[in-house]
Amino acid sequence: MPKKSKVNKLARMSDEERARYLQHRADVEEEARRRKHELIARFIKNKLDKEESYSKINTAKINQEWRYILRRIKCRQMETDIQGMAASFNFLMERKNRLIESLTRAIEDSDEQHRRAFQAHTENLSYFLRIGTQRLDKLQAAYEHQKNGFLEMWDKEEMEITDSEDKSEFKLMLITFIQERDFKSYKNEKDIERATIKNDARLEDGKVWKI
């Protein structure tokens, strides 16, 4: 019905009016198409802006999640490295402790051996010194006994000797004899002392070689 009225309306118009009317209609349709294109372009632009915004947000979220994943991976690697270093440290500490304990036991054993050797050496020295002292005491007693005997004998002989010359010669001989006996006794004591020192040195060397 409207189309028919438009046709009737156009039929009643003159050519000039019809041309202006058609031009106006064309302009109105062109303006409508232009506005439609603008609306479509504006809609597409808004849509693209929103998509771009969403894309940036999604990219930021993806980067954040990726960084979180990388941090977790790095933390696991660091945890593994720390556990490995802790295990190595504990192993080295146990090894050092075992070495220190072994050295401590060796020092204690060496100290005990040295103490026993020193005690044995001291006991040997005490034994030989005691023997040497006993021998020296016996020699001293024998020397005193012999000296007293000679003096008593000389006293008896002195009373019997009347000749002063003979008495002097006998006294000189007796003094010489006593001096020789003293010298021999002194020499024997020195020989015993040197022998004791050599024996102690030999025993000490033997102890050192045993240690």
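Residues numbered from 1 in each chain as written. Predicted model: local features only at pLDDT ≥ 70, side-chain atom pairs only at ≥ 80, totals over all residues. Heavy atoms only, no water.

1. Things to note about the overall build of the protein chain
Working step 1: The number of helices and strands found in the protein chain is three helices and zero strands.
Working step 2: Beginning at the N terminus, the succession of helices and strands in the protein chain can be written as α-α-α.
Working step 3: Looking at the 211 residues of the protein chain, the share that counts as buried comes to 7%.
Working step 4: Partitioning the contacts of the protein chain with sequence separation of at least 6, the portion at a separation of at least 24 is 60%.
Working step 5: Carbon and sulfur atoms form 58% of the exposed surface of the protein chain, whose accessible area is close to 18,700 Å². (Helix = DSSP H or I, 4+ residues; strand = E, 2+ residues; numbered from the N terminus. Buried < 20%, exposed > 50% of the residue type's maximum accessible area, 1.4 Å probe, protein only. Contact = heavy atoms within 4.5 Å. Areas by Shrake-Rupley, 256 points an atom, 1.4 Å probe, with all protein chains shown as cover.)

2. Notes on the packing of aromatic side chains
Working step 1: On inspection of all chains with the given rule, the structure shows one aromatic pair.
Working step 2: On the numbers, 5.4 Å between centres and 70° between planes, the contact of tyrosine 127 with phenylalanine 128 is edge-to-face.
Working step 3: The class for tyrosine 127 is partly exposed, based on a relative accessible area of 42%. (Phe/Tyr/Trp six-rings, centres within 6.5 Å; stacked < 30°, edge-to-face > 60°.)

3. A short note on a nonpolar patch on the surface
Working step 1: A cluster of nonpolar side chains, namely Trp66, Tyr68, Ile69, Leu70 and Ile73, defines an oily patch on the protein surface of about 470 Å² accessible area.
Working step 2: Inspection of the secondary structure puts tryptophan 66 in helix α2 (residues 15-160). (Patch = residues over 30% accessible without salt bridge, like charges linked within 9 Å, V, L, I, M, F, W, Y side chains within 5 Å. Salt bridge = Lys/Arg side-chain N within 4 Å of Asp/Glu carboxyl O.)

4. Digging into the pattern of salt bridges
Working step 1: Enumeration according to the criterion identifies seven salt bridges in this entry.
Working step 2: Linking glutamate 31 and arginine 34 is a salt bridge whose minimum nitrogen-to-oxygen distance equals 2.1 Å. Taken as a pair, glutamate 31 and arginine 34 lie in helix α2 at a separation of three residues, close to a single helical turn.
Working step 3: With relative accessibility at 36%, the residue arginine 34 sits in the partly exposed group.
Working step 4: Put simply, arginine 115 and glutamate 112 hold a salt bridge, and the shortest N to O gap is 2.4 Å. Here glutamate 112 and arginine 115 lie together in helix α2, a separation of three residues that amounts to about one turn.

5. Notes on the confidence of the model for the protein chain
Working step 1: Looking at the protein chain as a whole, its pLDDT mean stands at 77, while 76% of the residues score no less than 70.
Working step 2: Here helix α1 (residues 2-12) stands out as the element of the protein chain with the lowest mean pLDDT, 56, in contrast to α2, whose mean of 84 is the highest. (pLDDT = per-residue confidence, 0-100.)

6. Focus on the environment of asparagine 188
Working step 1: Looking at the secondary structure, you find asparagine 188 in helix α3 (residues 164-210).
Working step 2: Residues asparagine 188 and leucine 139, spaced 49 residues apart in sequence, show a C-alpha to C-alpha distance of 8.9 Å.

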